[in-house]
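Secondary and tertiary structure notes
Listed below, chain by chain, are the residues.
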Amino acid sequence: MNGPLRVLELRSACGAGGGPEKTIILGAKNATPGIEVTVCYIRDVRDGAFSVGDRARQYGVDYVEVVERGSFDRGVWSALRDIVRTRGIDIVHAHDYKTDLLALLLGRAERIVPLATAHGWTGHSGRERRLYYPLDKQLLRRFPVTIAVSSEIRSELIRKGADPGRVRVVLNGIDHRAFRRDRSSEQRVRADLGIRPGDIVIGSIGRLEPQKRFDLLIEACAALRERWPRLRLLIAGEGSLRGELKALAQRRLPGPACQLLGHRADVVHLHHAFDFYVQSSDYEGTPNSVLEAMALETPIVATDAGGTSDILRLDLDGLIVPCGDPRVLATAIERALTQPGPAAARVRSAHRRVETTLSFDRRMAAVEGIYMELAARLPRRGLPLPSEECA
């Protein structure tokens, strides 16, 4: 094709978003010459906490926002068609159930090819579980290619009828150059957080929502405090369960033993205070927080949620336990505490893995390879649009 390939990264999110926002924005910033990426977010006008746009602008990416005044605002459709036309978009890359539908419709109405990335279905509302997510899995069958961020997500899509040849696993990656540990700053960071010499700090980062199971992590740490009285738990993140988790922590880990730090943008800074990173989730796509811990050389204990085992190899890069059992999680944390030699070996292995197999450069190459593959499907300018969506 003549000229650059133009991609619209399309997503609907609220507040500060989550892991996909990091991947989308960094991918746009680091796009290969010849591929021009516009990041477009659909933002609810009532969302006063929305901050994804600020992050995108800080990275200097081409960013545009569509404001919706309700879940079925017809103005969103005309705004998206205008963006596609004025920017000469070739591929619309959707990232959630709402934008999956919009990308398919744009594929019928405009001269674009739709692409989707399935990050997982982590919502917990009844409407999402009973309506939106089942419909999304059917929509994803209609894309020429769907990127699954874990093998578990790919298997789920195939179970729901997707053509296996159209579902590609591309694991999330991380820019290890941006996530580096400076051992000389650890004591200063710990002091800033009120951590005393000799304290053992368990850290975790994520939205305070049911699937993250921070209640389970609090219970596991409470059990460990009986034998490790200097153990402390720091949880960074915001969400609907803040009040409930705060009350649980006050009962089970009183005083300074547990701190809910709220939303934090300084992940690198926080990891310098952590002795161990623990993921307690029941469900994940491919957890960016685990990738960050791998890059920042923090020993990891994680539940086998979603794509965790795709990135973190059992007993090679971290300790992995079944989901849902605080006693099993506590046992694994204690194993890491009492065996520093094997824990250090796992840290070295994990760091090598994010420098190679799980590097963001490798992920970018895989996704951009799919872009170039889809470019061959683009309708030639001046010819009539096909009557059906791309197949």
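In the block above lies the structure referred to throughout.
For the structure given in this document, a descriptive report is provided here. Per-chain numbering applies: the sequence of each chain, read as written, is numbered from 1 onward. Side-chain atom pairs in this predicted model are given and counted only at pLDDT of 80 or more, local residue features only at pLDDT of at least 70, and totals for whole chains, interfaces and linings cover all residues. In computing side-chain values, all of the structure's heavy atoms are included and hydrogens and water are not.

Focus: the sheet that holds strand S8 (residues 200-205)
Taken together, the 6 strands give an open sheet; going across it, the order is S10-S9-S8-S11-S12-S13, and neighbouring strands pair in parallel fashion. On the outer flanks of this sheet lie strand S10 (258-262) and strand S13 (319-321), each paired with one strand and no other. Put simply, the sheet's adjacent strands are angled 20 degrees from each other on average, direction ignored. Two strands are said to pair when DSSP picks up at least two bridges between them. Per the convention used, a helix needs a DSSP run of H or I reaching at least four residues, while a strand needs a run of E reaching at least two, with both numbered from the N terminus. Where strand S12 (residues 300-303) meets S13, 3 bridges bridge the pair, whose relative direction is parallel. Opposite Ala302, over in S13, you have Ile320 as the bridge partner. Strands in contact with helix H8 (residues 214-225) are S8, strand S9 (231-236) and strand S11 (276-279); relative to S9, the strand with the most contacts, it is inclined by about 165 degrees. Structural elements are reduced to axes, namely lines fitted to C-alpha atoms, with helices fitted over the stretch in contact, and the angle between N-to-C directions of any two is expressed from 0 to 180 degrees. Residues count as neighbours in contact if any of their non-hydrogen atoms are within 4.5 Å of one another.

Brief notes about the pattern of salt bridges
Throughout this description, the term salt bridge denotes a Lys or Arg side-chain nitrogen within 4 Å of a carboxyl oxygen of Asp or Glu. Under the definition given, this model contains 34 salt bridges. A salt bridge links Glu219 to Arg252, with the shortest nitrogen-to-oxygen separation between them at 2.8 Å. Note that Glu219 is positioned in helix H8 and Arg252 in helix H9 (residues 242-252), a separation of 33 residues in sequence. When its relative accessible area of 27% is taken as the criterion, Glu219 is described as partly exposed. It is possible to trace a salt-bridge network through shared partners that takes in Arg181, Arg183, Glu186 and Glu297. Burial classification: accessible surface area is computed with a 1.4 Å probe over protein chains only, and a residue below 20% of its type maximum counts as buried, one above 50% as exposed, and the rest as partly exposed.

From the geometry alone we can't say anything about function, so treat these as descriptive.
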